[in-house]
Amino acid sequence: MYICVCNAVRECELRRAAQRSCGNAERVYETLGKRPQCGQCLEEADEIIFEERLCGSQLALAAA
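Let me begin by describing the structure that accompanies this report. Predicted model only: the values in this text are computed from it and were never measured.

## Points about the overall build of the chain
Consideration 1: When its secondary structure is counted, the chain shows three helices and two strands.
Consideration 2: For the chain, the C-alpha radius of gyration of 12 Å lies close to 11 Å, the compact-globule estimate for 64 residues.
Consideration 3: Restricting the contact set of the chain to residue pairs at least 6 apart, pairs at least 24 apart contribute 49%.
Consideration 4: For the chain, the exposed surface amounts to about 4400 Å²; the carbon and sulfur share of it is 52%.
Consideration 5: Charge centroids of the chain, computed over 8 positive and 10 negative side chains, lie 8 Å from each other.

## Brief notes about a negative patch on the surface
Consideration 1: A surface patch of negative charge is lined by E26, E43, E44, D46 and E47.
Consideration 2: Among the elements that take part in the negative patch, helix α3 (residues 42-63) stands out by supplying four residues, more than any other.
Consideration 3: Take D46: it is sitting in helix α3.
Consideration 4: By relative accessible area, D46 is classed as partly exposed at 33%.

## Quick word on the nonpolar core
Consideration 1: Ranked by internal contacts, the top residues of the largest apolar core, which has 14 residues, are I3, L14, A25, Y29, C41, A45 and I49.
Consideration 2: Only β1 (2-4), α1 (11-20), α2 (25-31) and α3 provide two or more residues apiece to this core.
Consideration 3: Among the elements that take part in this core, α3 stands out by supplying four residues, more than any other.
Consideration 4: Once residues lying within four places of it in the same chain are set aside, the contact partners of Y29 are I3, C4, N7, L14, K34, R35, P36, C41 and A45.

## A word on the pattern of salt bridges
Consideration 1: Across all of its chains, the model carries four salt bridges by this definition.
Consideration 2: Of the charged contacts, one joins E52 and R15 as a salt bridge, the two residues approaching to 2.9 Å between their closest N and O atoms. Placement of the pair is E52 in helix α3 and R15 in helix α1, with a sequence separation of 37 residues.
Consideration 3: The buried category is assigned to E52, whose relative accessible area is 14%.
Consideration 4: Across the salt bridge formed by E30 and R27, the nearest N and O atoms sit 3.6 Å from each other. Of the two residues, E30 and R27 both sit in helix α2, three residues apart, roughly one turn of that helix.
Consideration 5: For R27, a relative accessible area of 46% puts it in the partly exposed group.

Conventions we followed
- Residues take numbers from 1 onward in each chain, read along the sequence in its written order.
- Predicted model: local features are reported for residues with pLDDT of at least 70 only, side-chain atom pairs are reported and counted for 80 or more only, and whole-chain, interface and lining totals are derived from all residues.
- In computing side-chain values, all of the structure's heavy atoms are included and hydrogens and water are not.
- Segments assigned H or I by DSSP are reported as helices when at least four residues long, segments assigned E as strands when at least two residues long, and all are numbered from the N terminus.
- Here the globule rule is a power law, 2.2 Å times the number of residues to the power 0.38, and the radius of gyration is based on C-alpha atoms.
- Between two residues, a contact is recorded if the distance between any of their heavy atoms is within 4.5 Å.
- Surface accessibility in these figures is a Shrake-Rupley result with a 1.4 Å probe; residues are shielded only by whichever protein chains are displayed.
- Neither His nor the chain ends contribute to the count of charged residues, in which Lys and Arg are positive and Asp and Glu negative.
- A charge is said to be at NZ when it belongs to Lys, at CZ for Arg, at CG for Asp and at CD for Glu.
- Here a patch means residues that are over 30% exposed by relative accessible area and free of salt bridges, tied together within 9 Å if like-charged and within 5 Å if nonpolar (Val, Leu, Ile, Met, Phe, Trp, Tyr).
- Salt bridges are defined as contacts in which a side-chain nitrogen from Lys or Arg sits within 4 Å of a carboxyl oxygen from Asp or Glu.
- Exposed residues in this analysis have more than 50% of their type's maximum accessible area, buried residues have under 20%, and partly exposed residues fall in between, with area computed by a 1.4 Å probe over protein chains only.
- Take the buried residues of types Ala, Val, Leu, Ile, Met, Phe, Trp, Tyr and Cys, join any two whose side-chain atoms come within 4.5 Å, and each joined set is a nonpolar core.

This is the structure we're talking about:
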């Protein structure tokens, strides 16, 4: 599913980038070589990034 139509950023790409970088959606977009254009995706992107990082943290704790 596309999260950002302006930049053709898919949810799976956003999730992978969230694991490799820190910060909000705008910072994660930078790691993908993109910049938000219309900005309508930023709220949903931030939610996905938060969710991905939360799941990653929980998996790390469970493995420890």
